[in-house]
Amino acid sequence: MKLLPLHYATRNIGRSRLRLVLTAGGSALVVFLVVTASASVRALDQGIRASGTVGNVMLIGAGSEESVERSEISAATPIFLAASIRGIKSAAGAFFVSPELHVPLPLRRADQAAPADNARDLVLVRGMEPSAFMVHPQARLAIGRLPEPGKSEALVGRSLAERLQISNGDLADSSKAPAILLDKVAFHVTGIIDAPGVSIDGEAWVPIGDLLVLTKRQTISVAVASLDGAEVSDVEIFAARRSDLELAALDEPAYYASLAKFFRPVQILIGVSALIVALGAMLGGLNALDAAFAARSREIAMLQVLGFSRTAVVITLVQESLITVATGAIPSILLAILLLDGLGVRYSMGVFSLSVDAACIASGFSAWLILGLIGSLPPTIRCLRTDIPSALKSDLG
Amino acid sequence: MHNPDTIIACHNLEKHYERGGEIVHVLESIDLSLARGGFVALMGPSGSGKTTLLNLFAGIDRPTAGSLMVDGQDLTHLSRSQLAQWRAVSIGYVFQLYHLVPVLTAYENVELPLFLHDMSRSERHLRVSEALDAVGITDRHAHYPRQLSGGQEQRVAIARAIVTRPAILLADEPTGDLDRTAAASIMELLGRLHSEKGQTIVMVTHDPATATHAQRLVQLDKGRLVESSMVRS
């Protein structure tokens, strides 16, 4: 089969600048939306899953319905755990057991005014001891020092620091370190934690004793232990034997995987919202493309009179549609990489970091292909159905 | 038996359309034989069926009944894609409204049908140059249709129709959209293509003055062949 030259398709793209701008704009919007939705869904899922460390076990309250934030366990649990289980990781005589208190609290910079509308900017605050860094290897103290108990000091994750406009430079002079208000109580920031891609990046960490005082609690949320030889089942047996402590043992990666499932409706909502907006934009683009091709029905008939087969004409229309859509889609994908990659997005548990990876880019290219192919569908059908003499006489052009 | 001197032969050719539940008889019982190398004008009032007959000769429309041989090919038995392939080789078609592609230059418009043939770039260039030269528009080869006059556009359209060296040049009211001077110039060009290159031309026109350039007149009325006469040898 003999095809039309490619320059026929490429030249036709610029035939009407207004239509080109509308079609390119519509396709750019659709593709950007699809890449954004894809990146959000994937980052939310991966961010939650990456928060769990293989080999870690969590002890939470038996009646907490597997929610760390609802969990309440005895503050002595980590000591019992370390003493009862053989095979917990240790270094220099210190066990990798981290007592933690997880509380969502309103948080803002002390030197900034409270929101006028009483909006509560909740951040997950984690009461911790230095052992938290041992059981959460994703977290690294990037700058500063650990907070000292009883001195109202705190660490903030990098994403939270950026939101609070706290930079590394602000921590160079400890006497001028910025303060944050946790539920109206001032804490000086002593360091920034880097934990890219996991929820810790959006958290504030304070000494667990200080947070217990602040929240007027006597119980902690969770004890996290890194196992080295012991099995999760050993910890489960411990939890079962110590029925007085009312504990449940959970494999940490499994816990975060189930948490990711909890957010599945949110992911579906993101996907459906993107799909609805994309469909709207797609219909607009379709209309522009259809009008562009319909106005050329005589020319399409002329090409068939010259001897080009209907298949050759259809291939040219598809080429043209794909190239037209690509004028918006490809810059849109590049823009998405530039603007979205590494962008922190807040959600109830903290922050997840968007990553425009190969799968997201592939979804953008798929959207481009679908748009291009669907865009050429109506004129293709018209081309296949209209007989040449009628098309030559058509009023459309 | 096919006569090599006959380029178009039709017998009992009919074309009916159904419109609003009624059968419209556009062509009825057309018996016609046209010689190779001839210049024929199809004449008749509006709605007489002359363009439909031209479209049947071009293989872009199908007869309802009858036989139709064009350049030794029975068109009634060819599929749509076979007709397209046949047209690419045998037919050059000139439209009343030129139908040039606005985003292509005169050169590129003329080159377009050559992409249907196995030709190198240099062969295409040679053919296009010859065609543009034959219609006297070489100096306008880089111009876009919007930069050309109506007469010049029709010359480019004629160049596009002859560039493949077709057996038959079919022209549907080729001067219908031109002023008198440009029309005369186009008819002079068609006459020259016929007399100098021996090009077979079948032209639809309703203008008696235009028809005088042809050798033979075929008169249609209400879908029937009413007269066929030689104007000049």
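Residues numbered from 1 in each chain as written. Chains lettered and ligands numbered in written order. Predicted model: local features only at pLDDT ≥ 70, side-chain atom pairs only at ≥ 80, totals over all residues. Heavy atoms only, no water.

### With respect to the overall build of chain A
The following threshold applies: Each helix is a run of DSSP H or I of at least 4 residues and each strand a run of E of at least 2, with the numbering of both proceeding from the N terminus. What the globule rule says is 2.2 Å times the number of residues to the power 0.38, and the radius of gyration is computed from C-alpha atoms. Contacts between residues were defined by any pair of non-hydrogen atoms, one from each residue, lying within 4.5 Å. For the purpose of charge, His is not counted, nor are the chain termini; Lys and Arg are scored as positive and Asp and Glu as negative. Every charge is mapped onto a representative atom, which is NZ of Lys, CZ of Arg, CG of Asp or CD of Glu.
A count of helices and strands for chain A gives 14 helices and 16 strands. Against the globule reference of 21 Å for 397 residues, chain A gives a C-alpha radius of gyration of 29 Å, more extended than a compact globule. Projected onto the principal axes, the alpha-carbon positions of chain A cover approximately 90 × 50 × 35 Å. Taking the intrachain contacts of chain A between residues at least 6 apart in sequence as the baseline, contacts between residues at least 24 apart amount to 80%. Considering chain A, the positive charge centre built from 34 side chains and the negative charge centre built from 35 side chains are found 11 Å apart.

### What about helix H12 (residues 358-375) of chain A?
Applied cut-off: Each residue after the first adds 1.5 Å to the expected span of a helix. Remark: exposure states derive from per-residue accessible area (1.4 Å probe, protein chains only) relative to the maximum for the residue type, with buried under 20%, exposed over 50%, and partly exposed in between.
Here H12 of chain A spans 25 Å end to end across 18 residues, near enough to the 26 Å set by a 1.5 Å rise per residue. For H12 of chain A, every residue scored as buried is listed here: Cys360, Ser363, Gly364, Ala367, Trp368, Leu371, Gly372 and Gly375 of chain A.

### Focus: the interface of chain A and chain B
Quick note on the threshold: By convention, the term buried area covers the 1.4 Å-probe accessible surface removed from two parts as they join, with the contributions of both added. Nitrogen and oxygen atoms within 3.5 Å of one another constitute a polar contact, given that in protein one can donate a hydrogen and the other can accept it, and given that sequence-neighbouring residues count only through two side-chain atoms.
At the interface, 23 residues of chain A touch 25 residues of chain B. Summing the contributions of chain A and of chain B, the shared interface buries around 2,300 Å²; its carbon and sulfur component is 67%. Together, Lys2, Arg11 and Leu306 of chain A form the three largest contributors to the area buried by chain A at its contact with chain B, with a combined 26%. The interface formed by chain A and chain B includes five residue pairs in polar contact (both at pLDDT 80 or more).

### What to know about the pattern of salt bridges
Residue and element names in this part refer to chain A. This is how it is decided: By definition here, a salt bridge exists when the distance from a side-chain nitrogen of Lys or Arg to a carboxyl oxygen of Asp or Glu is within 4 Å.
Within the structure shown, the criterion is met by 22 salt bridges over all chains. For the salt bridge of Asp357 with Arg42, the shortest nitrogen-to-oxygen distance reads 2.7 Å. Of this pair, Asp357 sits in the loop between strand S16 (350-353) and H12 while Arg42 sits in helix H2 (residues 17-50), placing them 315 residues apart in sequence. The structure contains a network of salt bridges with shared partners spanning Arg15, Arg296, Glu299 and Glu320.

### Observations regarding the sheet that holds strand S6 (residues 91-94) of chain B
Residues and elements named next belong to chain B. Just so we agree on the cut-off: We treat two strands as partners when DSSP finds at least two bridges between them. Here an angle of 0 to 180 degrees is reported between the N-to-C directions of two axes, which are lines fitted to C-alpha atoms, with helices fitted over the stretch in contact.
The strand order S6-S7-S8-S3-S9-S10 describes an open sheet built from six strands, whose pairing is mixed. Each having just a single partner strand, S6 and strand S10 (224-230) make up the two edges of the open sheet. Across the sheet, the axes of successive neighbouring strands diverge by a mean angle of 15°, strand direction being ignored. Where strand S9 (residues 216-221) lies against S10, six bridges are found, and the strand directions are antiparallel. Across the sheet, the residue bridging to Arg216 is Met230, located in S10. Docked against the sheet, helix H2 (residues 80-90) engages S6 and strand S7 (168-172), running at close to 80° with respect to S6.

### Side note on the domain arrangement of chain A
Frequently, the measure chosen for interface size is the accessible area removed from exposure when the parts meet. Let me state the cut-off plainly: In this entry, domain limits derive from an automatic or database-based domain assignment.
With domains assigned, chain A is organised as domain 1 (6-49 + 264-394) and domain 2 (63-75 + 97-223). Each of domain 1 of chain A and domain 2 of chain A has a C-alpha centre, and the two are 44 Å apart.

### With respect to the packing of helix H8 (residues 252-262) of chain A against helix H9 (residues 264-294) of chain A
Residues and elements named next belong to chain A. How we decide: Note that the term roughly parallel is reserved for angles under 35 degrees, roughly antiparallel for angles over 145, roughly perpendicular for angles of 65 to 115, and oblique for everything else.
Their axes nearest at 4 Å, the elements H8 and H9 cross at an angle of 40°. Regarding the angle of H8 to H9, the classification is oblique. The segment H8 lies against H9, with Ala260, Lys261 and Phe262 engaging Arg264, Pro265 and Gln267.

### Points about the environment of Ser74 of chain A
All names here are of chain A. Mapping Ser74 onto the fold places it in strand S2 (residues 73-74). Along the sequence, Ser74 and Pro5 sit 69 residues apart, while their C-alpha atoms lie 77 Å from each other. In this structure, Ser74 is in contact with Ile220 and Leu245, ignoring residues within four places of it in sequence. Polar side-chain contacts of Ser74 include one of 3.1 Å to the backbone nitrogen of Ala76.

### So, a nonpolar patch on the surface
As a reminder of what qualifies: The patch calculation keeps residues exceeding 30% relative accessible area without a salt bridge and links them within 9 Å when they carry like charges or within 5 Å when they are nonpolar (Val, Leu, Ile, Met, Phe, Trp, Tyr). Accessibility throughout is a Shrake-Rupley quantity obtained with a 1.4 Å probe, and a residue counts as covered only by protein chains that appear here.
Residues Met1, Leu3 and Ile315 of chain A make up a contiguous nonpolar surface patch of about 270 Å² in total accessible area. Considering the arrangement of structural elements, one finds Ile315 of chain A in helix H11 (residues 310-340).

### Brief notes about the pairing of strand S8 (residues 153-157) of chain A
Residue and element names in this part refer to chain A. Of all five residues in S8, five are buried; the element is thus mostly enclosed. Side chains Glu153, Leu155 and Gly157 of S8 all project onto a buried face; the interleaved residues Ala154 and Val156 project onto the opposite face, where all are buried too. Across five bridges, the pairing between S8 and strand S10 (residues 185-194) is parallel. Of the residues in S10, the one forming a bridge with Gly157 is Ile193. Both S8 and strand S11 (residues 204-207) contribute to a ladder of two bridges, which runs antiparallel. Each bridged residue has a counterpart across the sheet, and for Val156 the counterpart in S11 is Ala204.

### A few points about the confidence of the model for chain A
Note the cut-off: Confidence scores labelled pLDDT are given residue by residue by the predictor and lie between 0 and 100.
When pLDDT is averaged across chain A, the result is 87; 96% of the residues are at 70 or more. Element-level pLDDT for chain A is lowest in strand S15 (residues 344-347) of chain A, with a mean of 67, against a maximum mean of 96 in S11 of chain A.

### Side note on the packing of H11 of chain A against H12 of chain A
Residue and element names in this part refer to chain A. To keep things clear, this is the line we draw: Crossing handedness is read from the near helix: turned anticlockwise from the far helix by less than a right angle, it gives a left-handed crossing, and turned clockwise, a right-handed one. Just so you know the grouping, Ala, Val, Leu, Ile, Met, Phe, Trp, Tyr, Cys and Pro go in nonpolar, Asp, Glu, Lys and Arg go in charged, and all remaining residues, Gly too, go in polar.
Contact geometry for H11 and H12: axes closest at 8 Å, N-to-C directions at 155°. Relative to H12, the element H11 is oriented roughly antiparallel. Read as a crossing pair, H11 and H12 show a hand that is right-handed. The segment H11 lies against H12, with Val318, Ser321, Leu322, Val325, Ala326, Ala329, Ile330, Ile333 and Ile337 engaging Ile361, Gly364, Phe365, Trp368, Leu369, Leu371, Gly372, Leu373 and Gly375. For the contact of H11 with H12, a count of residues per class yields 14 nonpolar, four polar and no charged.

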